[in-house]
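Per-entry structural report
Here are the chains, one letter per residue:
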Amino acid sequence: MTTVTGLGTPDDMHPLQQRFVDAAGFQCGFCTAGMIVTASTFTESDLDDLPRRLKGNLCRCTGYRSVDDALRGVGNVGKTCGKAFGASHPAGPRVVTGTEPYTFDTVVDGVLHIATLGSPHPHARIVSIDTVAAEQLPGVHAVLCWRDAPQFAYSTARHENREEDPDDTYLFDRTLRYVGQRVAAVVAETEAQAQEACRLLRVEYEVLPFVLDPDEAAAPGAPLLHGDKGPEARIADASRNLIGEVHGGCGDVEAGIAAAAAVVRGRWQTQRVQHTHLETHGAVGWLDDDGRLVIRSSTQVPFLVRDELCRIFGLERHRVRVFTARVGGGFGGKQEMLVEDVVAAAVLRTGRPARWEFTRADQLTVAPCRHPMRVDVTVAADADGILTALAIDVLNDGGAYGNHSASVMFHGCGESVEVYRCPNKRVDGRSVYTNNRPSGAFRGYGLGQVVFAVESAMDELALELDLDPYELRRRNVVVPGDELVAAHPEGADLGFGSYGLDQCLDLVRSAMSRADGPPAPEGPRWRVGEGMALAMIASNPPGGHIADTSIELLPDGTFVARVGTAEFGNGTTTVHTQIAASVLGTEPDRIRVEQSDTDVTTHDTGAYGSSGTVVAAKALHAAAHALRDDMAKWAAELAGEIRADQVVRDTFGFCGRRSGFGKDVSDRVLEFVGRYDEVVVLHVVLVSIQGGDIA
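Bear in mind that the values here come from a model prediction, so they are computed numbers and not experimental data.

Considerations on the overall build of the chain
When its secondary structure is counted, the chain shows 22 helices and 18 strands. Buried positions account for 54% of the 695 residues belonging to the chain. In the chain, once contacts between residues fewer than 6 apart in sequence are set aside, the share between residues at least 24 apart is 80%. Carbon and sulfur atoms provide 51% of the accessible area of the chain, an area that totals close to 29900 Å².

Structure follows, in structure tokens:
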């Protein structure tokens, strides 16, 4: 039997593995080992039937285009970029050889296993739980339920400002609000024992009225999900199942409609969608030698998980460590705390390491999903195609708990209409509780649902006016100097940093007209057309995003960049390596990134909404500049008035004789002379000085 590690090692890759690195044929990489093993059996003729040949290999991240390139030997890395920015992913050789560790590749001796019992009812109250038989089963160490749980209300959603989300969740709740909600957890020596013990639990339920339709949930007299909660929970109106709402606008929409030559009204609905990241939610925890709680988790937000665990269990920050490493996909789904709280409770209760990993069935039935939305849109324009009115009415199904729901509703209602210039706008949005599984963060954070409706309405308006869809948008998009207005002009939190929207429209139109993409399918079953849509997204959430970074020069001449951002296929490790190498004037292979560990740096809000690039990378860019400036000053002080290139030659001639840097480093530095400015040349001199070559 051939495995991916049998094909090659990071230092001696198989040609197929090398092609995956050269083509950037992976993102999170969780599927890549299987993809390569399957492809290693292909003949040349198999490349003509890749969809069928690879049908047993699921990749959630790539869209398969880069996988196709890898199999055909098409390189995508470093074609048009300079040395630093043409770097491939630093973990690439480990990913393609199956040696990059994911969450449960962490070996922990004596680990216990967790299984949970889920609610069979969409709405019920636990009258009693008989745990005796389960506790007496051989191998069982603990049974956890509401009787054992801290009475601390929180949200599974994680934001920099934890008060963005309602505190409506408990570790174990006596009231159950959706099918599958955890009733109890069993901690046992094996997973089979834990599952068997769950079947031995005897639970008496009081079944309560439930509501699954968001329109019905918002109507008077509907069953209330969180009617027992007070203002401290920060629910907009628990007596109406209302998690959050927004109402506002500018101008007079009715007047704008009356003045229009064409009006489009419509309703669009989106369904519940699961992220299906290939590494399901999971965590393993233990107590370290100092008695600290350590959680190794598949999360996008290790620092925020750490902080909330401290609140739930009354622990000080320095007594808890949360870290990831490489995460097998996220797409927003891991901006939640779904397993870490139970794992922490099991470790603290038993004193033993414990692990819990969602099954794929759990992922598809219990884990939060994309918010289903009903979006009503009214859009009107004059005979020239200039918008006179734009109104949206959004109803958001938050499910049984309010994690992310208010923020998703605000975000979806904002940028979807801010992108258009219109004197008369109206936004109405509501997010409501239902007895469905909770909804949560998902790529685009509400924009996908609302933009789908707004852009569909814009296309219908273009048909009404007999205008090209590109031209209709070009006439109505915001331009520099415009206010970005959604519901409240005075409440705008976005501004223009640069502008390229017109160029973007031109490039898309040009690419579509070339028709140089994959060939369209043929045959009577297929109808082929084309379409376009326009959207913008703010990468920095209104509640704030903070990233602390540092970069250090080591005695061996390498640099260590420490960032809190998690890598889950988002490419931040590559970006951070490229930026540090570019600023420091060195090769990417001399940059080592340590990341997503609460012991590595002081804080990082997390990896979502491109913030790993626009926030954490900006912080690292500043840190690298500061280090370069410090090194330049130090080198300049040592160099005195001697010319920079002579300093380099003299210093490295001396260092080559007395240090481990050797001739290769001396030659590398000499390449810099005449090609880089004096500051960068001087900082490279300091690499040798820092190594202890000059007292």
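Once the structure has been displayed, the description carries forward.
Considering the sheet that holds strand 8 (residues 262-270)
With mixed pairing, five strands are arranged side by side in an open sheet as 7-15-14-13-8. Both edges of this open sheet fall to strand 7 (242-250) and strand 8, since each of them pairs with a single strand only. Going across the sheet, the axis of each strand differs from the next one's by a mean of 5 degrees, ignoring polarity. The pairing of strand 7 with strand 15 (residues 425-433) spans eight bridges and is classified as antiparallel. Paired with C250 across the two strands is K425, which belongs to strand 15. This element, helix 14 (residues 405-418), spans strand 7, strand 13 (373-381), strand 14 (387-399) and strand 15 of the sheet and lies at about 160 degrees to strand 15. The strands that helix 15 (residues 447-465) touches are strand 8, strand 13 and strand 14; relative to strand 8, the one it contacts most, it runs at about 150 degrees.

Examining unusual backbone geometry
In this structure, H404 is a non-glycine residue whose phi angle is positive, near 70 degrees. With respect to the helices, strands and loops of the structure, H404 is situated in the loop between strand 14 and helix 14.

Brief notes about the confidence of the model for the chain
Detailed reading of the predicted model is not advised wherever pLDDT is low. A residue-level look at the chain finds 90% of positions with pLDDT of 70 or above and a mean pLDDT of 89. Per-residue pLDDT stays below 50 along residues 641-695; that stretch engages in 79 contacts with residues further than four places along the chain or on separate chains.

Each value, and the rule that gives it
- Residues numbered from 1 in each chain as written.
- Predicted model: local features only at pLDDT ≥ 70, side-chain atom pairs only at ≥ 80, totals over all residues.
- Heavy atoms only, no water.
- Helix = DSSP H or I, 4+ residues; strand = E, 2+ residues; numbered from the N terminus.
- Buried < 20%, exposed > 50% of the residue type's maximum accessible area, 1.4 Å probe, protein only.
- Contact = heavy atoms within 4.5 Å.
- Areas by Shrake-Rupley, 256 points an atom, 1.4 Å probe, with all protein chains shown as cover.
- Pairing = 2+ DSSP bridges.
- Axes fitted to C-alpha atoms, helices over the stretch in contact; angles between N-to-C directions.
- pLDDT = per-residue confidence, 0-100.

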